[in-house]
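Overview (structure and organization)
Each chain is listed here by its residues.
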Amino acid sequence: MIAVQSWQRELADAYTDPLQLLSFLELDPDDVRVPRGNNAFPFRVTRSFASRMRKCDPADPLLLQVLPVHAESRDVPGFVADPVGDQASAFAPATLRKYHGRALLIATGGCAINCRYCFRRNFPYGEQQLTRSTERDALDWIAAESSIEEVILSGGDPLLLSDRRLGGLLTGLAAIRHLRRIRIHSRVPVVLPSRITDGFIAALTGTRLIPVMVIHANHSNEWDEHVDLALSRLRAAGVTLLNQAVLLRGVNDNAEALADLAQRFFASGVLPYYLHLLDRASGTAHFEVPEQEARALHAELRRRLPGYLVPRLVREEAGQPHKTLL
Ligand SMILES: *Cc1c(COP(=O)(O)O)cnc(C)c1O
Ligand code: SF4
């Protein structure tokens, strides 16, 4: 029998009903009206992440990232199901290849938290995610494509896989001679820090591949001492840590919030990497910050911070050979 780890219990214990979360935050459901039932993109928040929200504040920047709102069901021109052309770049089972030298594996469809702004909210995970049977095929494709130097595990959130499953995958990848680096994109160090177990760190750092982890945090309030501990242990084990944020209306759309985010996470060993303009996925229009405003915010950040704490302002454009630098 495989022992259930505490992070797995925590995951099972996540809020899956917005009313439970509102009650925890002492918010009145008559004031904060939540649409009922979006089965395509359900509500999900870990208790750990919820514990960092301010009570009694309907405008809390963490709450706004996860709370379903009526605006999601509005049809807005320009906002579509697959804004970044993921479907077009699928090149093997559960594998996307959009950029030179890098292949992205959809390790799993699930996430520890469902972020309402997510560009993959409409993604057909069921058809695309890596299963045991497609994993072998994906590895064969990567092995046959010698231009690929880096494999990126994404999802969904790859850290929802067990240590054993991740360890097996990493060992399989390390056996492919032309690979140099393994990169994991994950929101888990922030939303479920207990997942950063000794077993996970051993799996990530236990092969010849150079480990890089890109975490996703959008606001400095997402940092707490548990997150700090998880990140510090990864750093101490030699993992390069980067952060990718999305510029979100009402959440981090001011220079002070963005500067705080960079400074807070840098204290735990994380360098800012990308500040993304919102991908225009249907149901996310209310989060959009116009490009002009984004450029002005970024200029203000450059004035306030040392260069290494300023993330690159980018947009994802379907069919381009790299993310577009603004
Ligand atoms: C963003 C992205 C990458 C990685 O791009 P970097 O600029 O190297 O961070 C790789 N594959 C896909 C599908 C992406 O969307
Ligand atoms: S893929 Fe990332 S941004 Fe999207 S719901 Fe999952 S954790 Fe949130």
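Each chain carries its own residue numbering, running from 1 in the written order of its sequence. Chain labels run from A onward and ligand labels from 1 onward, assigned in the order the entries are written. In keeping with the model being predicted, local features are shown solely for residues with a pLDDT of at least 70 and side-chain atom pairs are shown and tallied solely at 80 or more, while totals for entire chains, interfaces and linings include all residues. Note: side-chain values were computed over all heavy atoms of the structure, leaving out hydrogens and water.

1. Points about helix α12 (residues 291-304)
Note on helix geometry: an α-helix contains 3.6 residues per turn, so any two residues three or four positions apart are oriented the same way. Put simply, the test is: Starting at the N terminus, helices and strands are each numbered in turn, a helix being any DSSP run of H or I of at least four residues and a strand any DSSP run of E of at least two. Expected span of a helix: the number of residues minus one, times 1.5 Å. Any residue under 20% of the maximum accessible area for its type is buried, any over 50% is exposed, and the rest in between are partly exposed; the area is computed with a 1.4 Å probe on protein chains only. To be clear, the arc concerns the directions from the helix axis to the C-beta atoms. Only heavy atoms matter for contacts: two residues are in contact if any of them lie within 4.5 Å across the pair.
Its 14 residues place the ends of α12 20 Å apart at the C-alpha level, agreeing with the 20 Å of an ideal helix rising 1.5 Å per residue. Those residues of α12 that sit buried are Ala294, Leu297, His298 and Leu301. The arc that holds every buried residue of α12, seen down its axis, measures 100°, which confines them to one face. For α12, the exposed residues set more than 90 degrees away from the buried face come down to Gln292, Arg302 and Arg303. Looking at the buried side of α12, the elements it contacts are α11 (255-266) and β9 (312-315).

2. Regarding the side chain of Glu222
Test applied: Think of a polar contact as two N or O atoms within 3.5 Å of one another; within protein, one of them needs to be a possible hydrogen donor and the other a possible acceptor, and neighboring residues in sequence only count if both atoms come from side chains.
Inspection of the secondary structure assignment puts Glu222 in the loop between β6 (210-216) and α10 (225-236). Assessed through its relative accessible area of 0%, Glu222 is described here as buried. Side chain to side chain, Glu222 and Arg187 meet in a polar contact 2.9 Å long. A polar side-chain atom of Glu222 sits 3.1 Å from the main-chain amide nitrogen of Asn218.

3. A closer look at the site of ligand 1
Applied cut-off: Here, proximity means that at least one heavy atom of the residue falls within 4 Å of the molecule or strand. The Shrake-Rupley method, run with a 1.4 Å probe sphere, supplies the accessible areas, and residue values consider only the shown protein chains as cover. Residues are grouped as follows: nonpolar covers Ala, Val, Leu, Ile, Met, Phe, Trp, Tyr, Cys and Pro; charged covers Asp, Glu, Lys and Arg; every other residue, Gly included, is treated as polar.
Surrounding ligand 1, one finds Lys98, Tyr99, Arg102, Leu104, Ile152, Arg183, Tyr273, Tyr274, Glu316 and Lys323. Arg102 is positioned with one of its side-chain polar atoms (N or O) 2.6 Å from an oxygen atom of ligand 1. In the model, an oxygen atom of ligand 1 is placed 2.5 Å from a nitrogen or oxygen of the Tyr274 side chain. The protein chains hide 90% of the 390 Å² of surface that ligand 1 would expose on its own. Residue assignment for the shell around ligand 1 shows that the elements contributing at least two residues are β3 (102-108) and β8 (271-276). Classifying every residue of the shell around ligand 1 by side-chain character gives five nonpolar, no polar and five charged.

4. Remarks on the site of ligand 2
The full set of residues close to ligand 2 is Cys111, Ile113, Asn114, Cys115, Cys118 and Arg187. Across the shell around ligand 2, the residue classes tally to four nonpolar, one polar and one charged.

5. Structural notes on the packing of aromatic side chains
To keep things clear, this is the line we draw: Only Phe, Tyr and Trp rings are paired, with Trp represented by its six-membered ring, and only when their centres lie within 6.5 Å; those with planes under 30 degrees apart are stacked, over 60 edge-to-face, the remainder tilted. The criterion is that NZ of a Lys, or CZ of an Arg, lies within 6 Å of the ring centre and within 35 degrees of the ring normal, and then a charge sits over that ring.
For the structure shown, the criterion picks out four aromatic pairs. The ring of Tyr15 is capped by Arg47, whose NZ or CZ atom sits 4.3 Å from the centre of that ring. Across the ring face of Phe24, the terminal group of Lys55 is positioned such that the distance to the ring centre comes to 4.6 Å.

6. Examining a nonpolar patch on the surface
Test applied: Candidates for patches are residues over 30% relative accessible area with no salt bridge; among them, like charges are joined within 9 Å and nonpolar side chains (Val, Leu, Ile, Met, Phe, Trp, Tyr) within 5 Å. Here, a salt bridge means any Lys or Arg side-chain nitrogen found within 4 Å of an Asp or Glu carboxyl oxygen.
A surface patch of nonpolar side chains, about 280 Å² in accessible area, is lined by Phe266, Leu271 and Tyr308. Inspection of the secondary structure puts Phe266 in helix α11. Classification of Phe266 as partly exposed rests on a relative accessible area of 35%.

7. Concerning unusual backbone geometry
Working note: non-glycine residues mostly have negative phi, and peptide bonds are mostly trans. Each neighbour pair has its own omega, and for Gly155 with Gly156 the value is 10°, a cis peptide bond. Following the sequence through the fold, Gly156 ends up in the loop between β4 (150-155) and α7 (163-174). Unusually for a residue other than glycine, Glu26 sits at a positive phi of about 60°. Examined against the element boundaries, Glu26 turns out to sit in the loop between α2 (18-24) and α3 (47-50).

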